[in-house]
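Descriptive analysis of the structure
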Amino acid sequence: MPAPLSADAVRNLRALTPGAQHSVHFNHAGSSLPSAATLQAIRAHLEREATQGPMEAGVASRALTESARTLGARLLNAQPEEIALTTGHSAGWGAAFAALPPWRPGDRILVGRHEWGGNLATMRFTAERAGAVLETIPSDDSGCVDPDALAAMLDDRVRLIALTWLPANGGLINPAAAVGRVARQHGIPYFVDAAQAVGQLPVDVEAIACDVLTAPGRKALRGPRGTGLLYVRRAFLDQITPAFVDTYSAPLGAEGQPMLRQDAARMESAENSLALRCGLANALQEALDIGLDSIRATIAATAQTLRTELAAIPGITVLDQGREQSGLVAFNLAGHDAVAVQRALAAEGITIGSNGVPYTPLDMQARGLTQIARASVSYLTTDAEVRRLLDALRQLTR
Ligand SMILES: Cc1ncc(COP(=O)(O)O)c(C=O)c1O
C-alpha cells in the first residue's frame, strides 16, 4: 500500500480549500469541498462569459473545457473518445440505460444488493414495464456481491449486470473486477456505478472490464455540483443509441440526415455549463497531481481509525461490511434516530449524512435496517476533526 499523504501535505491542501476553514465536514460521500482553484476556474469562465459573450467565451475556453474529457479519461484509464461529460451520476447512468436496445418480456437484469436506488428506479420504470425482471445477485458472508453466485445465475436471457461498486450506505467495496470478468466472459453488458469510487480509489476501466461506468464530479473528486463523467467502452458504443439527439450529438448532414457521433459524446447534448466544466477540469487535474494511490491510502487510514474509535463508544454500532472498506463509515447510535444525530452534530458545526431505505433498498431490507448515520472522510480530514466528531458523539450517548 503506498504511503498516505503527510500531515504537511494535508495542511497545505486544506489551506487551499475554503470550506476546510468553515466546517468540520464528514459528508464527502454526499459532496466534498472544492479547492479555491476549482472555484476560481468556474468564476473565471463566468467572467469571460460576461465580458466576451457566452458563445465567444465558449470558443476561447474550448481547450480548457475539453481537457475535462482528457483528464477524465486519464483518471479512468480510458480514451477521451470513451468519455461523455454529464451533469452527475444519474444523468449519465440513465442516459446509458435508456440507450440500450428495447426490453422484452422475460429479459433479466442482475443487480448487486447495494444498487443505488436511483438506478433501481430507472430500471424498474422502463424494463419492468416491458416485462423484464430484476434479480438480486447473492452476497457472500462479508456482504459483498459474490461473483461465483453471479456466474451460476447466468443464462441467455440476462441482458444487463449492474453493480454499485461502493454503496451509499456503508463502507463495503464490491469486487468490481471479479464481476467484470464474469460479465465479459459471457458477453453481457456491465454497468458500474462508481459514484463513490471515482476520486477515492484508483479506477481502471480496462481492469474492471465494464461497458459503462459513471460518477459525479462533486464527491471524492471535489469537482463542482452539476458535473459528471460517463465512460462508455469503445466497442460497446455500437450497442447503444441515445434516447434523443441534437445538434451536437447528431448534427444534420448535407442531405439533412442526423449524423450520430462516433464517440461517447453522442450521449451529451449541445447546451452545458462550461464554467462548471472548467471547475471539473481543475478538480481532475488536482486529483491526478495528488495521486490516486496516495488519496486511497490516506482515506483508508483515516476511515479505519474512525471505525475503530466509533466501535469503542458504548451505544454505537458500526454497520460497515466487506473485506476491503472505503472512506464511508455507517453507524447507528442506540435510542437515536439517524436524522436526529445528524441535526445534533450540525448544531456543533459538524456535517454528516444520514440515509433511509430508498437510496439502497435491497441492502437495507436484507439487513433489516431502516436508517444509518454516515460519516465519510476525505484525504483532507484531520485527526483533530476525527476527535471532534468522536467527542460530540460521546456527548450524545451520555
Ligand atoms: C452509490 C451512489 N450512486 C449514485 C449516487 C447519485 O449520484 P447523482 O446525485 O450524481 O446522480 C450516489 C450519491 O448521491 C451514490 O452514493
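Here the residue numbers are simple positions, counted from 1 along each chain's written sequence. Two thresholds apply to this predicted model, a pLDDT of at least 70 for residue-level local features and 80 or more for giving and counting side-chain atom pairs, whereas whole-chain, interface and lining totals are computed over all residues. Only heavy atoms go into the side-chain values, all of them from the structure, while hydrogens and water stay out.

1. Side note on the side chain of aspartate 363
In plain terms, the rule: Numbering of helices and strands runs from the N terminus, with a helix taken as a DSSP run of H or I at least four residues long and a strand as a DSSP run of E at least two residues long. Exposure categories follow from relative accessible area, calculated using a 1.4 Å probe and restricted to protein chains: below 20% of the type maximum is buried, above 50% is exposed, and the middle band is partly exposed. Under the rule applied, a polar contact is a pair of N or O atoms within 3.5 Å (in protein, one hydrogen donor and one hydrogen acceptor; residues adjacent in sequence only if both atoms are side-chain atoms).
Structurally, aspartate 363 can be placed in helix α13 (residues 361-366). Since its relative accessible area comes to 1%, aspartate 363 is described here as buried. A polar contact is formed between the side chain of aspartate 363 and the side chain of asparagine 169, at a distance of 2.8 Å.

2. Comments concerning the packing of aromatic side chains
As a reminder of what qualifies: Side-chain rings of Phe, Tyr and Trp (the six-membered ring for Trp) are treated as a pair once their centres are within 6.5 Å; stacked means planes under 30 degrees apart, edge-to-face means over 60, and tilted covers the remaining angles. Counted as over-ring charges are cases with an Arg CZ or a Lys NZ within 6 Å of the ring centre that also lie within 35 degrees of the ring normal.
As enumerated under the stated definition, the model contains four aromatic pairs in all. Seen from their ring centres, phenylalanine 97 and tryptophan 103 are 5.4 Å apart, and the 20° between their planes marks the pair as stacked. Take phenylalanine 97 and tryptophan 103: they sit in the same class, and that class is buried. Judged by centre distance (4.7 Å) and plane angle (35°), the rings of tryptophan 116 and tyrosine 359 are tilted. Linking tryptophan 116 in the loop between β3 (108-111) and α6 (117-126) with tyrosine 359 in the loop between β12 (353-355) and α13, this pair joins segments that are 243 residues apart in sequence. Residue classification places tryptophan 116 among the partly exposed positions, given a relative accessible area of 23%. What makes tyrosine 359 partly exposed here is its relative accessible area of 43%. Grouping aromatic residues by their ring pairs yields a cluster made of Trp93, Phe97, Trp103 and Phe191. Taking the ring centre of phenylalanine 125 as reference, the NZ or CZ of arginine 129 above it sits at 4.3 Å. In this structure, arginine 159 is placed above the aromatic ring of tryptophan 103, and the distance from its NZ or CZ to the ring centre is 4.6 Å.

3. Some thoughts on unusual backbone geometry
Note: most residues except glycine have negative phi, and most peptide bonds are trans. Despite not being glycine, asparagine 77 has its phi angle at roughly 60°, a positive value. Positive phi outside glycine occurs at alanine 209, with the angle close to 60°. Relative to the assigned elements, alanine 209 resides in the loop between α9 (205-208) and β7 (212-216).

4. Things to note about the sheet that holds strand β2 (residues 83-86)
Spelled out, the test is: The pairing criterion for strands is at least two bridges between them, as found by DSSP. Inter-axis angles, ranging from 0 to 180 degrees, are taken between N-to-C directions of lines fitted to C-alpha atoms, where helices are fitted over the stretch in contact. We call two residues in contact when some of their heavy atoms are within 4.5 Å.
Reading across from one edge, β2-β8-β7-β6-β5-β3-β4 is the order of the seven strands in this open sheet, with mixed pairing throughout. The sheet terminates laterally at β2 and β4 (133-136), the two strands that pair on one side only. Ignoring which end each strand starts from, the neighbouring axes of this sheet average 20° apart. With three bridges joining them, strand β6 (residues 190-193) and β7 adopt parallel strand pairing. Across the sheet, residue aspartate 193 finds its bridge partner in β7, namely threonine 214. In the packing of helix α4 (residues 62-76) onto the sheet, contacts are made with β2, β7 and β8 (228-232), and the angle to β2 comes to roughly 120°.

5. What to know about the pattern of salt bridges
Applied cut-off: Criterion for a salt bridge: a side-chain nitrogen of Lys or Arg within 4 Å of a carboxyl oxygen of Asp or Glu.
Applying the stated rule across the entire model yields 20 salt bridges. Among the salt bridges present, the one from aspartate 107 reaches arginine 104, with a minimum N-O distance of 3.3 Å. According to the relative accessible area criterion, arginine 104 is partly exposed, its value standing at 48%. Its salt-bridge partner being aspartate 107, residue arginine 159 comes within 2.2 Å of it at the nearest N-O pair. One end of the pair, arginine 159, is in strand β5 (residues 158-164); the other, aspartate 107, is in the loop between α5 (89-98) and β3, with 52 residues separating them in the sequence. Side by side, arginine 159 and aspartate 107 carry an identical accessibility label, which is buried. Salt bridges linked by common partners bring Glu66, Arg69, Glu268 and Arg277 together as one network.

6. A word on the packing of helix α11 (residues 292-311) against helix α14 (residues 383-397)
Note the cut-off: Convention used here: angles under 35 degrees read as roughly parallel, angles over 145 as roughly antiparallel, angles from 65 to 115 as roughly perpendicular, and any remaining angle as oblique. Here a crossing is taken to be left-handed if its near helix is turned anticlockwise relative to the far helix by less than a right angle, and right-handed if that turn runs clockwise. Under the scheme applied, nonpolar residues are Ala, Val, Leu, Ile, Met, Phe, Trp, Tyr, Cys and Pro; charged residues are Asp, Glu, Lys and Arg; polar residues are all the others, including Gly.
Remark: α11 packs on α14, axes separated minimally by 11 Å, with the N-to-C direction vectors making an angle of 20°. Taken together, the axes of α11 and α14 lie roughly parallel to each other. When the axes of α11 and α14 are compared, the crossing they make is right-handed. Residues Thr302, Leu306, Glu309 and Leu310 of α11 pack against Val386, Leu389, Leu390, Leu393 and Arg394 of α14. Considered class by class, the residues forming the contact of α11 with α14 number six nonpolar, one polar and two charged.

7. A look at the domain arrangement of the protein chain
Using the following cut-off: The domain boundaries here were taken from an automatic or database domain assignment. Two parts placed together each lose some accessible area under a 1.4 Å probe, and adding up what both lose gives the buried area.
By domain assignment, the protein chain separates into domain 1 (7-35 + 291-397) and domain 2 (38-289). Summarising the inter-unit geometry, the C-alpha centres of domain 1 and domain 2 are found 26 Å apart. Across the boundary between the two partners, domain 1 contributes 41 residues, which contact 40 residues of domain 2. When residues of domain 1 are sorted by the area they lose upon contact with domain 2, Ser35, Leu292 and Leu362 head the list and together hold 21% of the total. On inspection of domain 1 and its partner domain 2, the count reaches two salt bridges. The tally of links from domain 1 across to domain 2 stands at 28 residue pairs in polar contact (both at pLDDT 80 or more). Listing elements by their share of the side of domain 1 that touches domain 2, those giving two or more residues are α11, β10 (328-333), α13 and β13 (372-376). Sort the elements by how many residues they give to the side of domain 1 that touches domain 2 and α11 lands first, with six residues. Looking at the side of domain 1 that touches domain 2 residue by residue, the class counts come to 18 nonpolar, 14 polar and nine charged.

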